[in-house]
Amino acid sequence: MASPTTTSLDARAQAILDLEQQFLIQTYRRFPVVLRRGKGCWLYDTAGKKYLDLISGIGVNALGHAHPRILRVLREQAGILIHSSNLYYHEHQGPLARKLSEISGLQRCFFTNSGTEAVEGALKIARAFGRQQAPEKYEIVALENSFHGRTLGALSITGQAKYRTDFEPLLPGVRFVERNDVSALEQAVSTRTAAIVLEWIQGEGGIYPLDPAFARRARELADQYQALLIFDEIQCGLGRTGRYFAYQLADPPVLPDITVVAKPLACGLPLGAIIANERAAAALTAGMHGSTFGGGALACRVALEFLAILEELLPAIHQTGGLFRVQLTEMARHFSFVREVRGYGLMIGIELDLPCRSIVEDALTEGLLINCTHDTVIRLLPPYIISDTEVDRAVKILTKLLKKVKYPPESA
Ligand SMILES: *Cc1c(COP(=O)(O)O)cnc(C)c1O
């Protein structure tokens, strides 16, 4: 969707757009910007224009771009060993699994190449776990408005028609309930339930947090019916909310049987993980699941460094996120069409009374990368290293953008 109104592209950038137009399956509605390099919270396009990055490659570049400690281990490990398959051991899977177990309160890991693959694996664990009890115990309870990925399994538990309809029929036995509707949840869960799958904060769905009481009831029901409780922390986990996992925001925390993570885990290298307790992990035995690329030496080494850095950053995420939301809430008071500013840590949603795609396009012109999700929610997932000065800068630009919005629309 190369709209020449947003930016004027130089010839080299235009040539890149033309090639993609001709040779790529047209699944993405990209913005007409060709990004070339990044440093810290800033990205630079092929013409040298700079952008403050508040989306971090959709929550992936949590340490910003070209973080010196990540670069150092990346270069070092690339010269030692990149990949060796899961036929043999290498030095870094064990230590990474131990670290993920320590921070999650769960016990065992399986490594994947993406979030969706981690969801798929978790669904396979749920199926095996249920089947080991009874053949009809294969149902999954999931939430309306959820997002768990785009493979057929993950899509089957994604509660949004726009992603599903073209590919139906999907997996049988999935029941959807509204977020925070305890009685609907109680009606959906039964002896046939193999797993309940929840995002603690719906990310793609518009930054909607779960009510801790709802999650607690899900925990009780899972125990009562011998089902697994699975938390999808692919977007909200690994520090995004100021805690290692969003389920640790509740007091006392609600522990799942399985959690899945991915996005920021290896700072841009593809890596995801299923983290399970002993009970869930025992459902898989040798030969039941596997991956050629999953948990390669390079990705695991980088993930270990990411988690070491994250430990030092958690208080800052909480603090900077708080400051950011205070400033955004103050900004929102001046615009009648801003419905709500919500989120935890550096996972922030600004809900508007109007579609936000055109604001996201204007932001590009102003040198700001933001994202619009669920049509009317501006989603911010800035790098964890964002400074107070950069937050100020972001709020200034956002204020300028909102001032330009015509509301109510003249045609209305
Ligand atoms: C991004 C996301 C996924 C899918 O992860 P991929 O790495 O894109 O496969 C699944 N669940 C949630 C909550 C996500 O945000």
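Just so it is clear, the structure is predicted and the values come from calculations on it, not from any experiment. (Residues numbered from 1 in each chain as written. Predicted model: local features only at pLDDT ≥ 70, side-chain atom pairs only at ≥ 80, totals over all residues. Heavy atoms only, no water.)

A. Spatial organisation of the overall build of the chain. If you tally the helices and strands in the chain, you get 13 helices and 17 strands. For the chain, the C-alpha radius of gyration of 22 Å lies close to 22 Å, the compact-globule estimate for 412 residues. A buried classification covers 54% of the 412 residues belonging to the chain. Of all intrachain contacts in the chain linking residues separated by at least 6 positions in sequence, the fraction that spans at least 24 positions is 72%. Carbon and sulfur atoms make up 54% of the accessible area of the chain, which totals about 18800 Å². Averaging the coordinates of the 44 positive side-chain charges in the chain and doing the same for the 43 negative ones gives two points 3 Å apart. (Helix = DSSP H or I, 4+ residues; strand = E, 2+ residues; numbered from the N terminus. Rg over C-alpha atoms; globule rule 2.2 N^0.38 Å. Buried < 20%, exposed > 50% of the residue type's maximum accessible area, 1.4 Å probe, protein only. Contact = heavy atoms within 4.5 Å. Areas by Shrake-Rupley, 256 points an atom, 1.4 Å probe, with all protein chains shown as cover. Lys, Arg positive; Asp, Glu negative; His and termini not counted. Charge placed at Lys NZ, Arg CZ, Asp CG, Glu CD.)

B. The pairing of strand E12 (residues 272-276), seen in detail. Burial analysis of E12 places five of its five residues in the buried class, the great majority of the element. Alternating positions in E12 separate into two faces, Gly272, Ile274 and Ala276 on one and Ala273 and Ile275 on the other, with burial throughout. Bridge count between strand E4 (residues 108-112) and E12: five bridges; the pairing is antiparallel. Within E12, the residue paired with Phe111 across the bridge is Ala273. Looking at chain direction, strand E11 (residues 258-261) and E12 are connected through four bridges and run antiparallel. Note that in E12 the partner of Thr259 across the bridge is Ile275. (Pairing = 2+ DSSP bridges.)

C. Spotlight on the side chain of Glu199. By the secondary structure assignment, Glu199 is in the loop between strand E7 (193-198) and strand E8 (201-202). Buried charge Glu199 goes without a salt bridge, the closest partner of opposite sign being Arg379 at 7.7 Å. At 3.2 Å, the side chain of Glu199 and the backbone nitrogen of Gly203 are in polar contact. If near-sequence neighbours (up to four positions away) are discounted, Glu199 is found in contact with Ser146, Phe147, His148, Leu210 and Asp232. (Salt bridge = Lys/Arg side-chain N within 4 Å of Asp/Glu carboxyl O. Polar contact = N/O pair within 3.5 Å; in protein donor to acceptor, adjacent residues only side chain to side chain.)

D. Representation of the pattern of salt bridges. Scanning the model with the defined rule gives 23 salt bridges in all. With its nearest N and O atoms 3.0 Å apart, the salt bridge here joins Lys99 to Glu311. Placement of the pair is Lys99 in helix H4 (residues 93-104) and Glu311 in helix H11 (residues 297-332), with a sequence separation of 212 residues.

E. How the structure looks around the state of the cysteines. Evaluation of the coordinates by the stated rule reveals one disulfide. The residue that forms a disulfide with Cys356 is Cys372, at a sulfur-sulfur distance of 2.5 Å. Judged by the sign of its S-S torsion, about 85°, the cystine formed by Cys356 and Cys372 is right-handed. Of this pair, Cys356 sits in the loop between strand E14 (347-352) and helix H12 (357-365) while Cys372 sits in strand E16 (residues 371-373); the two residues are 16 residues apart in sequence, bridging distant segments of the chain. A relative accessible area of 0% means that Cys356 is categorised as buried. Residue Cys372 is classed as partly exposed on the basis of its relative accessible area of 24%. (Disulfide = S-S within 2.5 Å.)

F. A look at the sheet that holds strand E13 (residues 338-344). Taking strand neighbours across the sheet as the criterion, the four strands line up as E13-E14-E17-E16 in an open arrangement whose pairing is antiparallel. Every interior strand has two partners, whereas the edge strands, E13 and E16, have only one. Ignoring strand direction, the axes of neighbouring strands in this sheet form an average angle of 25°. Across six bridges, the pairing between E13 and E14 is antiparallel. Each residue of the ladder has a partner; that of Gly343, found in E14, is Ile348. Here H11 sits on the sheet and contacts E13, E14 and strand E17 (377-380); the angle it forms with E13, its principal contact strand, is near 175°. (Axes fitted to C-alpha atoms, helices over the stretch in contact; angles between N-to-C directions.)

G. How the structure looks around the packing of aromatic side chains. A complete count under the given rule lists six aromatic pairs for this structure. Between Phe245 and Tyr247, the aromatic rings sit 5.2 Å apart at their centres with planes inclined by 20°, giving stacked as the arrangement. Per residue, the accessibility class of Phe245 equals that of Tyr247, and both read buried. Taking 5.7 Å as the distance between ring centres and 50° as the angle between the ring planes, the aromatic pair formed by Phe335 and Phe337 counts as tilted. (Phe/Tyr/Trp six-rings, centres within 6.5 Å; stacked < 30°, edge-to-face > 60°.)

H. Quick look at the domain arrangement of the chain. Each assigned domain of the chain is listed here: domain 1 (6-66 + 314-403) and domain 2 (85-295). Facing the 26 residues of domain 1 at the interface are 25 residues of domain 2. Considering only the side of domain 1, the residues that lose the most area to domain 2 are Tyr344, Met347 and His374, jointly responsible for 33% of the buried surface there. On the surface where domain 1 and domain 2 come into contact, there are zero salt bridges. On the surface where domain 1 and domain 2 come into contact, there are eleven residue pairs in polar contact (both at pLDDT 80 or more). (Domains from an automatic or database assignment. Buried area = accessible area lost by both parts, 1.4 Å probe.)

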